[in-house]
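For reference, the chains in residue letters:
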Amino acid sequence: MNTLSKIKIYLGLAYLTVVTCVVIAFFYYGVNTFLSPSYLIENKDYIFELRDQNLLLIGSAYFVFSVIWVFLMGFGTPLVIFAGFAFGTILGSVLSIFSFTIGATFLYCFANNYFGDLVEKYLGRKYSKLKNNINENELSYFFSLRIVPGIPFPIKNLLPVLFNMKVKNFFLATLFGEAVPIIISVSIFSGISSAFQGDKDFSLNLLFAPEIFFPLLALAIMSLVANYIKKKYFN
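Remember, it's a predicted structure, so these values are computed and weren't measured experimentally. Chains are numbered independently. Their residues run from 1 in the order of the written sequence. With the structure being a predicted model, the display of local features is reserved for residues of pLDDT at least 70 and the display and counting of side-chain atom pairs for 80 or more, all residues being used for whole-chain, interface and lining totals. As a convention, hydrogens and water are excluded, and side-chain values are obtained from all of the structure's heavy atoms.

Peer 1: Is there a simple way to explain the pattern of salt bridges in this structure?
Peer 2: For side chains bearing opposite charge, pairing can occur when the charged atoms are close. Criterion for a salt bridge: a side-chain nitrogen of Lys or Arg within 4 Å of a carboxyl oxygen of Asp or Glu. Evaluated as defined, the whole model comprises one salt bridge. Here R51 ties to D52 by a salt bridge, and the two come within 3.1 Å at their closest N and O atoms. Burial classes follow relative accessibility: with a 1.4 Å probe on protein chains only, a residue under 20% of its type's maximum area counts as buried, one over 50% as exposed, and anything between as partly exposed. A relative accessible area of 13% places R51 in the buried class. Since its relative accessible area comes to 56%, D52 is described here as exposed.

Here you go:
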């Protein structure tokens, strides 16, 4: 075994160790509680005050944390909830789209260099049709795959390892493919945040507020389109 192979093994083991420790710490110390909707609702006044006084610091911390979180194969939903609740639609979407894209690109590059064999072993057979259908226009194909439901976000970041996708194409497909669902999701929670800032009571009537209803409608339409694409091109 040459030196380069040993370095790859050590880096791979170090990554897996860090991921394991982060997951254990995340649940052991109850960090997931701070990203839950119930916690955000109960502490909305404190969160809004903290945001207004330290917007640049909180925004920067969220961006860096999101990059690291996505790189460590974390799910994006808790972060999107927080972004919409704390930053609003525009800033929350911008921070999430770029941090998710950068974190996903780091993960892809790392996995493609150090975990290619493992990705092929555990995902190659299950997603063999994807490998067979990929063509020269890998950018548009992976862009379509990005909006298809049913595949976890971390898995989508690893699938391009199967066909050694160009980093530039991965970055662009992720940036634009994740933009729409992120904007819609952030808008929903931003609408809920606005309602709470206006001291509205939480009830079903809240869902019909324009700032919540229209993003929900857009989410429903996107789901229908995504399912159509999935049935036509990925089944």
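Further notes follow.
Peer 1: Sorry, what's going on with the nonpolar core here?
Peer 2: Soluble, globular proteins show a tendency: their nonpolar side chains are buried together. Throughout, nonpolar core names a set of buried Ala, Val, Leu, Ile, Met, Phe, Trp, Tyr and Cys residues whose side chains join them through atoms within 4.5 Å. One finds Y15, Y62, F87, F100, L159 and M165 to be the most contacted residues of the largest nonpolar core, which totals 42 residues. Secondary structure elements are taken from DSSP: a helix is a run of H or I of four residues or more, a strand is a run of E of two residues or more, and numbering for both begins at the N terminus. Secondary-structure elements contributing two or more residues to this core are α1 (3-28), α5 (55-71), α6 (77-87), α7 (89-114), α8 (116-123), α10 (138-146), α11 (153-158) and α12 (167-197). A contact between two residues is defined here by any heavy atoms of the two lying within 4.5 Å. Those residues in contact with F87 that sit more than four places away from it in its chain are L55, I58, G59, Y62, F82, G92 and L95.

Peer 1: Please clarify how the packing of aromatic side chains should be interpreted in this entry.
Peer 2: Where two aromatic rings form a pair, the distance of their centres and the angle of their planes describe that pair. Aromatic pairs are defined between Phe, Tyr and Trp rings, using the six-membered ring for Trp, whenever the two ring centres lie within 6.5 Å; interplanar angles under 30 degrees are classed as stacked, those over 60 as edge-to-face, and all others as tilted. The full count for this structure, using the stated rule, is nine aromatic pairs. Arranged with centres 4.6 Å apart and planes meeting at 10°, the rings of Y108 and F170 form a pair that is stacked. Of this pair, Y108 sits in helix α7 while F170 sits in helix α12; the two residues are 62 residues apart in sequence, bridging distant segments of the chain. Taking 4.8 Å as the distance between ring centres and 45° as the angle between the ring planes, the aromatic pair formed by F110 and Y114 counts as tilted. Of this pair, F110 and Y114 both sit in helix α7, four residues apart, which is roughly one turn of that helix. Residue Y114 is classed as partly exposed on the basis of its relative accessible area, which comes to 30%.

Peer 1: Could you clarify how one ought to interpret the side chain of T174 in this entry?
Peer 2: The residue T174 is located in helix α12 in this model. In protein, a polar contact requires one atom able to donate a hydrogen and another able to accept it; more generally it is a pair of N or O atoms within 3.5 Å, and residues adjacent in sequence count only if both atoms are side-chain atoms. Looking at T174, its side chain comes within polar contact range of the main-chain oxygen of F170, at 2.8 Å. If we ignore the near neighbours within four places in the chain, the residues touching T174 are T101, A104, F142, R146 and A179.

Peer 1: Would you mind going over a nonpolar patch on the surface with me for this structure?
Peer 2: What makes a patch is a set of residues exposed beyond 30% relative accessible area and free of salt bridges, joined within 9 Å when like-charged and within 5 Å when nonpolar (Val, Leu, Ile, Met, Phe, Trp, Tyr). In short, Shrake-Rupley with a 1.4 Å probe defines the accessible areas, and a residue's cover is counted only from the protein chains shown. A surface patch of nonpolar side chains, amounting to about 410 Å² of accessible area, comprises I9, Y10, L13 and L16. Here L16 is to be found in helix α1. A relative accessible area of 42% places L16 in the partly exposed class.

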